[in-house]
Amino acid sequence: MPHTVHVSAVIHAPLEKVWPCFRDFNGLADWHPGIAQSRLEADGRHDAVGSVRYLTLKPGGFVREQLLMLDDPGTALRYSIIETSLPMRDYTAGVSLHRITETGPDANAQTLVQWWADFRVEGAELADVARAVGQGVFAAGLAALDEKLRAV
């Protein structure tokens, strides 16, 4: 039975600055602290459904992910893990971005990011893997992206 992890965060930057960071399927290493390197395989493109990226993880391990859906008008994407050194199987994940409109007269533009994944776990404790995905991947990545975009 698959398990779902869902994390949401407010990024203190306008949607127009946040979306390109996710839309670039090969750009995760530019802002995510857990990614040492990202490269596209074969004839992959950073914005083409079907493209496969190979992520080298810190402190070790790898993930091969395929872009399943890229929805520019809806500012959403979906991807799956097709191979990994981690104890996850049948992993499908998605990201959706939403403009926050009620920020007050003096507030800067903000974006709500929702990041989720459905997966099964083999050879490890589900709670440990779920915590690693939720906190170590999603929350850590969103915090780093928020920090990066605040500095711009």
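Residues numbered from 1 in each chain as written. Predicted model: local features only at pLDDT ≥ 70, side-chain atom pairs only at ≥ 80, totals over all residues. Heavy atoms only, no water.

S.K.: If you had to explain the nonpolar core to someone new, which residues and values would you point to?
M.R.: Residues Val18, Phe22, Tyr91 and Phe138 are the most contacted members of the largest nonpolar core, which totals 37 residues. Elements with a minimum of two residues in this core: strand E1 (3–11), helix H1 (15–23), strand E3 (52–57), strand E4 (62–71), strand E5 (76–84), strand E6 (88–100), strand E7 (110–121) and helix H2 (126–151). If we skip the residues at most four places from it in the chain, Tyr91 touches Tyr79, Ser80, Ile81, Ala117, Asp118, Phe119, Val133 and Phe138. (Core = buried A, V, L, I, M, F, W, Y, C linked by side-chain atoms within 4.5 Å. Buried < 20%, exposed > 50% of the residue type's maximum accessible area, 1.4 Å probe, protein only. Helix = DSSP H or I, 4+ residues; strand = E, 2+ residues; numbered from the N terminus. Contact = heavy atoms within 4.5 Å.)

S.K.: Provide a residue-level description of the side chain of His32, including the pertinent values.
M.R.: Summarising the element assignment, His32 is placed in the loop between H1 and strand E2 (35–40). Take His32: its relative accessible area is 5%, and that puts it in the buried class. Separated by 2.9 Å, the side chain of His32 and the backbone nitrogen of Gly34 make a polar contact. When near neighbours in sequence (up to four residues on either side) are disregarded, His32 contacts Trp115, Gly136, Val137 and Gly141. (Polar contact = N/O pair within 3.5 Å; in protein donor to acceptor, adjacent residues only side chain to side chain.)

S.K.: Break down the packing of H1 against H2 for me, citing the residues and quoting the values.
M.R.: Look at H1 against H2: their axes get within 11 Å of each other, and the N-to-C directions meet at 130°. As far as their axial angle goes, H2 and H1 are oblique. Note on packing geometry: the crossing formed by H1 with H2 is right-handed. Contact residues: Lys17, Val18, Cys21 and Phe22 in H1; Leu142, Leu145 and Leu149 in H2. For the contact of H1 with H2, the per-class residue count stands at six nonpolar, no polar and one charged. (Axes fitted to C-alpha atoms, helices over the stretch in contact; angles between N-to-C directions. Parallel < 35°, antiparallel > 145°, perpendicular 65-115°, else oblique. Left-handed = near helix turned anticlockwise from the far one by under 90°. Nonpolar A, V, L, I, M, F, W, Y, C, P; charged D, E, K, R; others polar.)

S.K.: Describe the pattern of salt bridges, and please don't skip the residues or the numbers.
M.R.: Tallied over the entire structure, the rule returns twelve salt bridges. In this structure, Arg99 engages Glu16 in a salt bridge whose closest nitrogen and oxygen atoms are separated by 2.8 Å. Here Glu16 lies in helix H1 and Arg99 lies in strand E6, a separation of 83 residues in the sequence. With a closest N to O distance of 3.5 Å, Glu122 and Arg89 form a salt bridge. Note that Glu122 is positioned in the loop between E7 and H2 and Arg89 in strand E6, a separation of 33 residues in sequence. Because the salt bridges share partners, they merge into one network encompassing Arg23, Arg45, Asp47 and Asp72. (Salt bridge = Lys/Arg side-chain N within 4 Å of Asp/Glu carboxyl O.)

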